[in-house]
Amino acid sequence: MRQSKSFIPTLKEVPNDATVPSHVLMLRAGMVRTLGAGIYSFLPLGYKLVKKVSEIIREEMDAIGGQEFHLPALNPREIWEETNRVEAFGDILFHIKNKNRDYVLAPTHEEIMTYHARRVVKSYKDFPQIWYQIQTKFRNEPRPRSGVLRGRQFLMKDSYSLDSSWENLDTAYDLHYQAYHKIFKRCGLKFFVVGASSGAMGGTGSEEFMVQSDAGEDTVAHCESCGYSANVEVAASVVIPLVRDAESKAVYEIETPNVKSIDELCAFLNISETQCAKSRVYICNNEAVLVLMLGNDEVNETKLEKTLGAPFRPAHMEELKDITGADAGSIGPVGFPKKVIADLRLKDANNMFSGANKNDYHIGGIDFSRDIPSVEYHDLRTAKSGEGCPKCGSTMGVFTAIELGHIFKLGTKYSASMGATFTDEKGAENPIIMGSYGIGVERVIACYIEQHHDERGIVWEKEMAPFHVHLIGLNMKKEVVSQAAEKIYSELTAAGIQVLFDDRTDATVGFKFNDADLLGMPLQVIVGEKKLAEQKVEVKVRKSGDRSEVTVEQLLSTVKDLLK
Ligand code: ATP
Ligand code: MG
């Protein structure tokens, strides 16, 4: 494609509403333009990527027996009322009122697929089915500020499996699991899978394919060595345990005026935080519970709720005073009149410091086994980066991540509420057993750019690259240059290589080089007057920056080799 005739409006400056790298680069590379908050127009280069990713997804979905649909985005509201999801989606759902009819813009398509299944799938003989589409979804995301990573209108591949048994649902789910691996691998993404199985909900009904990203809204723990991944709400970790001192001192009181936090206590007594037990009091089922954490470890609320078996809230100041006679900074376990639980790190610790249940006093010499005999130990802390993986012990990372795709065993949730049933072998009527599986198409592109860029621009690798080669004619006003470049363009194109040809006559050399690095095609072929005098051109590998000179004759084979 000739750059002189194509619309790729690159920008030198960073657009001021963009902070996330993929957002900045997609705007600067002329892939997208903003139409409104969370609403993006795809320009030709950006849309080329959309088609490319869609095609990869389509091939892998077809390979597992998926059949492609195209459902309307405009949906009668009544269908969404059947499952109560108008209410469940709330402000996320876009509504359209037209004369006397109410419509919604589909944020996903479970209801519409189930609606069709209800009409056409009747017998156990009709299964299995995998129905999919690549279609626009609408969600009124509250704060869209990461570009196409989180749009209010976006493309989703959504598929739905229909089965007559739970075993067959497992099969459909596994097929999707494998297909998603292939898709994201082909798209050159570094990803990991987080299961909901370790979550508070239990079961193995859902997994999320994630990539590390500062633009992500989930915090996850992930181990590179063994692949362990979990949302930080439920992630476990291995930390060096406390070693019990050989001798336990007796409990003693220390006057600690105005000392409230663990840091203040450590500074005041010149001790380390691993000698302190931090107290937090919660109210659960109208009863107070004292939760003890080592040093500055944070209480993980999801784990605490699982341990307590019911929702809880922090105790108010007055409640604390009623229970112990002391304020928040002075609460401690010795003599605490209610239930006491402690994080596993504190197990059997001795010679510890904590509050004295008396304002401006702390106590030392606490031996957990001797002084708090009723204490129960649980994993209550939030895993931190650099701690050990609970599966293999290697160092684990904790970071924000964004969801690329989601696979979900729906079971009979939608089929039961919408009356989508089939007749089984024995003639009994049962609800269809379903799964639903999504991938954000634009999000795949943006995540790719998040992972493949440098300070100069995007770095495409072969499978995802919009073009393989960026052919740059330096001074196209010179006939030697334009003739040679045109000839190379024809030859490479004839050999099946996709070429973006910078044939512009009015752009400076510096401008062309900056554009080429920003757009990031894997190879740049630079045609200039000086090198042509020796029958040579320059080839630059965008990723490494390596440059080499080759003769015009050798060029095709060099390009082919480098693209392998
Ligand atoms: P998130 O937690 O990021 O909002 P979600 O749980 O709402 O995602 P799903 O409803 O499971 O996402 O949708 C399936 C896929 O659609 C997601 O995995 C993601 O890749 C994509 N997706 C979801 N919301 C958006 C959005 N606002 N913009 C772009 N892609 C999106
Ligand atoms: Mg969402």
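In this text the structure is predicted, and so the values were computed from the model without any measurement.

*Asks:* Even after reading the chapter, I still don't get the overall build of the chain, so can you show me in this structure?
*Replies:* If you tally the helices and strands in the chain, you get 16 helices and 31 strands. For 564 residues, the compact-globule estimate of 2.2 N^0.38 gives 24 Å, and the chain exceeds it by more than 25% at 31 Å. Just so you have it, the chain exposes about 26,400 Å², and 50% of that area is on carbon and sulfur atoms. The distance from the centre of the 67 positive side-chain charges to the centre of the 78 negative ones in the chain is 5 Å.

*Asks:* What is the right way to read the sheet that holds strand 6 (residues 101-105) from this model?
*Replies:* Strand pairing within a sheet occurs via backbone hydrogen bonds; the two strands may be parallel or antiparallel. Reading across from one edge, 4-6-5 is the order of the three strands in this open sheet, with antiparallel pairing throughout. The outermost strands of the open sheet, each flanked by one partner alone, are strand 4 (74-76) and strand 5 (94-98). Between one strand axis and the next, the sheet turns by 35° as a mean value, whatever way the strands run. Sheet topology note: the strand 4/strand 6 ladder contains three bridges and is antiparallel. Of the residues in strand 6, the one forming a bridge with Pro76 is Tyr103.

*Asks:* Please clarify how the site of ligand 1 should be interpreted in this entry.
*Replies:* Near ligand 1 there are 14 residues, and of these Glu141, Arg150, Glu403, Leu404 and Arg443 occur at the shortest range. Taking Glu141, its side chain carries an N or O atom lying 2.8 Å from a nitrogen atom of ligand 1. Contact between ligand 1 and Arg443: an oxygen atom at 2.8 Å from a side-chain N or O atom of the residue. Starting from 580 Å² of accessible surface for ligand 1 in isolation, the protein chains cover 82%. Counting only elements with at least two residues in the shell around ligand 1, the list comes to strand 8 (153-163) and strand 21 (397-411). The element best represented in the shell around ligand 1 is strand 21, accounting for four residues. Residues of the shell around ligand 1, tallied by class, amount to five nonpolar, four polar and five charged.

*Asks:* Please clarify how helix 2 (residues 44-63) should be interpreted in this entry.
*Replies:* In this model helix 2 runs 28 Å from its N-terminal to its C-terminal C-alpha over 20 residues, within 8% of the 28 Å that 1.5 Å per residue would give. Within the sequence span of helix 2, burial applies to Leu45, Gly46, Leu49, Val50, Val53, Ser54, Ile56, Ile57, Glu60 and Met61. One or two positions beyond helix 2, positive phi appears at Gly65, with a value near 90°.

*Asks:* What am I meant to see in the pattern of salt bridges here?
*Replies:* Side chains carrying opposite charge are able to pair once their charged atoms draw close together. By the definition in use, this model includes 44 salt bridges. The salt bridge involving Asp517 is made with Arg456; its shortest N-O contact spans 2.5 Å. Note that Asp517 is positioned in helix 14 (residues 509-519) and Arg456 in the loop between strand 25 (453-454) and strand 26 (457-458), a separation of 61 residues in sequence. Residue Asp517 is classed as buried on the basis of its relative accessible area, which comes to 3%. The salt bridge partner of Lys478 is Glu529, with a shortest N-O separation of 3.3 Å.

*Asks:* Looking at this structure, how should I read the sheet that holds strand 19 (residues 361-366)?
*Replies:* Here we have three strands laid out as an open sheet, ordered 13-19-18, and antiparallel in their pairing. The strands lining the two open edges of the sheet, one partner per strand, are strand 13 (252-255) and strand 18 (352-355). Between one strand axis and the next, the sheet turns through 30° on average, direction left out of account. One ladder, built from four bridges, connects strand 13 with strand 19; its direction is antiparallel. Residue pairing in the sheet places Ile254 in a bridge with His362 of strand 19.

*Asks:* Would you mind showing me how to read the packing of aromatic side chains here?
*Replies:* Given two aromatic rings, their pairing is described by the distance between the two centres and the angle made by the two planes. Using the criterion set out here, one finds 15 aromatic pairs in the structure. The interplanar angle of 55° and the centroid separation of 5.8 Å between the aromatic rings of Tyr177 and Phe209 together place this pair among those described as tilted. Separated by 32 residues along the polypeptide, Tyr177 in helix 6 (residues 166-186) and Phe209 in strand 10 (residues 206-212) bring together distant segments of the chain. For Phe209, a relative accessible area of 0% puts it in the buried group. Here the aromatic rings of Phe184 and Phe209 are separated by 5.7 Å at their centres, their planes lie at 50°, and the arrangement is tilted. Of this pair, Phe184 sits in helix 6 while Phe209 sits in strand 10, and the two are 25 residues apart along the sequence. The residues Phe184 and Phe209 share a single accessibility class, namely buried. Taken together, the aromatic side chains of Tyr177, Tyr180, Phe184, Phe191 and Phe209 make up a single cluster linked through ring pairs. Looking at Lys358, its charged tip hangs above the ring of Tyr361, at a distance of 4.2 Å from the centre. Its end group placed over the ring of Tyr173, Lys409 keeps NZ or CZ at 4.7 Å from the ring centre.

*Asks:* Is there a simple way to think about the pairing of strand 18 in this case?
*Replies:* Side-chain positions along a regular strand alternate between the two faces of the sheet. In this structure, strand 18 lies alongside strand 19, joined through three bridges in antiparallel fashion. Bridging across to strand 19, Gly355 finds its partner in His362. Two successive antiparallel strands, strand 18 and strand 19, enclose a turn made up of five residues, where Asn357 displays a positive phi of approximately 60°.

Conventions we followed
Residues numbered from 1 in each chain as written. Chains lettered and ligands numbered in written order. Predicted model: local features only at pLDDT ≥ 70, side-chain atom pairs only at ≥ 80, totals over all residues. Heavy atoms only, no water. Helix = DSSP H or I, 4+ residues; strand = E, 2+ residues; numbered from the N terminus. Rg over C-alpha atoms; globule rule 2.2 N^0.38 Å. Areas by Shrake-Rupley, 256 points an atom, 1.4 Å probe, with all protein chains shown as cover. Lys, Arg positive; Asp, Glu negative; His and termini not counted. Charge placed at Lys NZ, Arg CZ, Asp CG, Glu CD. Pairing = 2+ DSSP bridges. Axes fitted to C-alpha atoms, helices over the stretch in contact; angles between N-to-C directions. Near = heavy atom within 4 Å. Polar contact = N/O pair within 3.5 Å; in protein donor to acceptor, adjacent residues only side chain to side chain. Nonpolar A, V, L, I, M, F, W, Y, C, P; charged D, E, K, R; others polar. Expected span 1.5 Å × (residues − 1). Buried < 20%, exposed > 50% of the residue type's maximum accessible area, 1.4 Å probe, protein only. Salt bridge = Lys/Arg side-chain N within 4 Å of Asp/Glu carboxyl O. Phe/Tyr/Trp six-rings, centres within 6.5 Å; stacked < 30°, edge-to-face > 60°. Lys NZ or Arg CZ within 6 Å of the ring centre and 35° of its normal.

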